[in-house]
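For reference, the chains in residue letters:
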Amino acid sequence: MASRKTSHQNRDNGDKYSILLPTYNERENLPLIVWLLVKYLGESGFNYEIIVIDDGSPDGTLEVAEQLQKIYGEDKILLRPRAKKLGLGTAYIHGMKHATGNFIFIMDADLSHHPKFIPEFIEKQKGGDYDLVSGTRYRGDGGVYGWDLRRKLIRYLQVNNSISSLQFPLTCLPLTLISADKRLKFDFLFCPLPPSLIHSRGANFLAQVLLRPGASDLTGSFRLYKKKVLESLVERCVSKGYVFQMEMIVRARQLNYTIGEVPISFVDRVYGESKLGGNEIVSYAKGLLTLFATT
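Calculation notes
- Residues numbered from 1 in each chain as written.
- Predicted model: local features only at pLDDT ≥ 70, side-chain atom pairs only at ≥ 80, totals over all residues.
- Heavy atoms only, no water.
- Helix = DSSP H or I, 4+ residues; strand = E, 2+ residues; numbered from the N terminus.
- Buried < 20%, exposed > 50% of the residue type's maximum accessible area, 1.4 Å probe, protein only.
- Contact = heavy atoms within 4.5 Å.
- Core = buried A, V, L, I, M, F, W, Y, C linked by side-chain atoms within 4.5 Å.
- Pairing = 2+ DSSP bridges.
- Axes fitted to C-alpha atoms, helices over the stretch in contact; angles between N-to-C directions.
- Polar contact = N/O pair within 3.5 Å; in protein donor to acceptor, adjacent residues only side chain to side chain.
- Salt bridge = Lys/Arg side-chain N within 4 Å of Asp/Glu carboxyl O.

So, the overall build of the protein chain
Helix and strand content of the protein chain: 10 helices and 11 strands. When the 295 residues of the protein chain are sorted by exposure, 51% land in the buried category. Restricting the contact set of the protein chain to residue pairs at least 6 apart, pairs at least 24 apart contribute 75%.

So, the nonpolar core
Leu21, Val34, Leu37, Ile50, Phe105 and Phe121 are the most contacted members of the largest nonpolar core, which has 33 residues in total. Secondary-structure elements contributing two or more residues to this core are strand E1 (16–23), helix H2 (29–44), strand E2 (47–54), helix H3 (61–72), strand E3 (77–79), strand E4 (103–106) and helix H5 (118–128). The element contributing the most residues to this core is H2, with seven residues. Apart from the residues lying within four places of it in its own chain, the contact partners of Phe105 are Tyr17, Ser18, Ile19, Leu20, Ile118, Phe121, Ile122, Phe222, Arg223 and Leu224.

Brief notes about the sheet that holds E3
Across the sheet, seven strands lie side by side as E3-E2-E1-E4-E9-E5-E10; this open sheet has mixed pairing. Strands with a single pairing partner mark the edges of an open sheet, and in this sheet they are E3 and strand E10 (259–263). Taking the axes of each pair of neighbouring strands and ignoring which way they run, one obtains an average angle of 20° across the sheet. In this structure, strand E5 (residues 132–136) lies alongside E10, joined through five bridges in parallel fashion. Among the inter-strand pairings, Gly135 is bridged to a residue of E10, identified as Val262.

Focus on the side chain of Asp131
With respect to the helices and strands, the residue Asp131 is situated in the loop between H5 and E5. Within the structure, Asp131 has its side chain in polar contact with the backbone nitrogen of Thr258 (distance 2.8 Å). Setting aside residues no more than four positions away along its own chain, Asp131 makes contact with Leu224, Tyr225, Lys226, Val229, Tyr257 and Thr258.

Considerations on the pattern of salt bridges
Throughout the structure, instances matching the rule amount to nine salt bridges. In this structure, the salt-bridge partner of Asp15 is Lys126, at a minimum N-O distance of 2.2 Å. One end of the pair, Asp15, is in the loop between helix H1 (2–10) and E1; the other, Lys126, is in helix H5, and 111 residues separate them in sequence. The exposure class of Asp15 is buried, given its relative accessible area of 14%. Its relative accessible area of 38% is what places Lys126 among the partly exposed residues. A salt bridge links Arg139 to Glu261; its shortest N-O distance comes to 2.8 Å. Of this pair, Arg139 sits in the loop between E5 and strand E6 (143–145) while Glu261 sits in strand E10; the two residues are 122 residues apart in sequence, bridging distant segments of the chain. A relative accessible area of 48% means that Arg139 is categorised as partly exposed. Look at the salt bridges and you will find they share partners, linking Asp129, Asp131 and Lys226 into a network.

Below, the structure is given as structure tokens:
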């Protein structure tokens, strides 16, 4: 007990961490992720607030959030709902406007990101004074868990350029890429990845090849930012949805912000269905090519 109290005193340095939780139909997951956040942040002695940004979930997620606010207090649980689903990137922007911390965590509310890694993020940031720290599934002991054999096989074949033999629908887009000076023009078909691969090693590998971002996990969404850095990046980002995460890292590289990495375990969602559909796949493809042509 004595050592824990001492740890709390050492961390009372004026820093405050705002955790942004965008939600859509996360009624079952929200109580669990909030409990874990309170547990690990509270036990570690950090000053924090949890900001829930619900996009008009029809399953009653907001009502659950209101009950959690009564349990943990309005100083710890802030509700900043929106009337309808407006996209992941704009949800972060909306939450950031209400954040009072000088550091901001972004993470998924579906239990894919375990709050037990948060103290490691903070320790990493303090050790190198990094502008942002990104969770990575592809370095150290990081990894992906909870995928069945079929999804693992699809990912393996995609990474090894054997995607043509897979049995799932692919929507191929006729795209044109024009250089900045308009002297070069490339016409080709781009076949974006299926929903199960948007957050996989395959999608990340493709982004790495095209964008050379200087970070091992470009498509992940578990990150810690200095608030001023996040504000600066958001001003320059034009993407919405899942491409937003990718552009944030690319813009950070352009602005010479320092990036630290912490290996994490990504676990497939426990309750509910994936939000990744056809629109997100097309958005990913267009966003990736746009960043390739402009950065």
